[in-house]
Amino acid sequence: MTEGGRHILLGTPTAGNVVRTSYVSTVVAFTKIAQERGWTYDVVTMNSADVVLARNFLANQALRAGAATDLLFIDSDMEIAP
């Protein structure tokens with residue numbers, strides 16, 4: 001386990017492998033916060049027009065890897081303030 005105690009898998013479903021700039025800003029802000037708190041993380045994307053299928057695939061990846069303590073979904077068209 002990491003010093004901060006968390007290893008977060010950030011999962012993002014995409015349609016056509018397209019992400020918005022607001023999403024990129026959110027991911028950059030997330031990585032800064034994670035580093036400040038001593039968390040480790042992986043960013044994984046899944047290209048599919050079917051969001052449910054993509055989320056199931058990403059959740060499966062998190063469970064199979066076994067290293068993630070948390071799974072955070074952020075869609076490719078979302079912006080979240082830190």
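Up top you'll find the structure we're talking about.
Conventions we followed
- Residues numbered from 1 in each chain as written.
- Predicted model: local features only at pLDDT ≥ 70, side-chain atom pairs only at ≥ 80, totals over all residues.
- Heavy atoms only, no water.
- Helix = DSSP H or I, 4+ residues; strand = E, 2+ residues; numbered from the N terminus.
- Rg over C-alpha atoms; globule rule 2.2 N^0.38 Å.
- Salt bridge = Lys/Arg side-chain N within 4 Å of Asp/Glu carboxyl O.
- Buried < 20%, exposed > 50% of the residue type's maximum accessible area, 1.4 Å probe, protein only.
- Phe/Tyr/Trp six-rings, centres within 6.5 Å; stacked < 30°, edge-to-face > 60°.
- Lys NZ or Arg CZ within 6 Å of the ring centre and 35° of its normal.

> So, the overall build of the protein: which residues are in play, and what are the values?
When helices and strands are tallied, the protein shows two helices and three strands. The helix and strand sequence of the protein, counted from the amino end, reads β-α-β-α-β. For the protein, the C-alpha radius of gyration of 13 Å lies close to 12 Å, the compact-globule estimate for 82 residues. Taking the principal axes of its C-alpha atoms as reference, the protein extends roughly 35 × 30 × 15 Å.

> Got a sec to walk through the pattern of salt bridges? Specific residues and values, please.
For the structure shown, the criterion picks out two salt bridges. When the shortest N-O distance is used, the salt bridge between Arg-6 and Asp-70 registers 2.8 Å. Here Arg-6 is found in the segment before β1 (7-14), whereas its partner Asp-70 is found in strand β3 (residues 70-73), with 64 residues between them in sequence. For Asp-70, a relative accessible area of 24% gives the class partly exposed. Here Asp-75 and Arg-55 are joined by a salt bridge, their closest N and O atoms 2.8 Å apart. Taken together, the residues span a long stretch of sequence, with Asp-75 in the segment after β3 and Arg-55 in helix α2 (residues 51-65) at a distance of 20 residues. Taking the relative accessible area as the measure of exposure, Asp-75 reaches 16% and is therefore buried.

> So what about the packing of aromatic side chains? Which residues, and what values?
Inspection of the entire model under this criterion finds one aromatic pair. Pairing Phe-30 with Tyr-41 gives two aromatic rings, centres 5.6 Å apart and planes at 70°, and the pair type is edge-to-face. With Phe-30 in helix α1 (residues 21-37) and Tyr-41 in strand β2 (residues 40-47), this residue pair connects regions lying eleven residues apart in the sequence. Exposure remark for Phe-30: the relative accessible area of 10% places this residue in the buried category. Cation over ring: Arg-6 sits above Trp-39, and NZ or CZ is 5.9 Å from the ring centre. For the cation-ring pair, Arg-55 lies above Phe-73, with the distance from its terminal atom to the ring centre recorded as 5.9 Å.

> Please provide a residue-by-residue account of the environment of Gln-35, values included.
Residue placement: Gln-35 occurs in helix α1. By relative accessible area, Gln-35 is classed as exposed at 55%. Between the alpha carbons of Gln-35 and Asp-50 there is a distance of 32 Å; along the sequence they are 15 residues apart.

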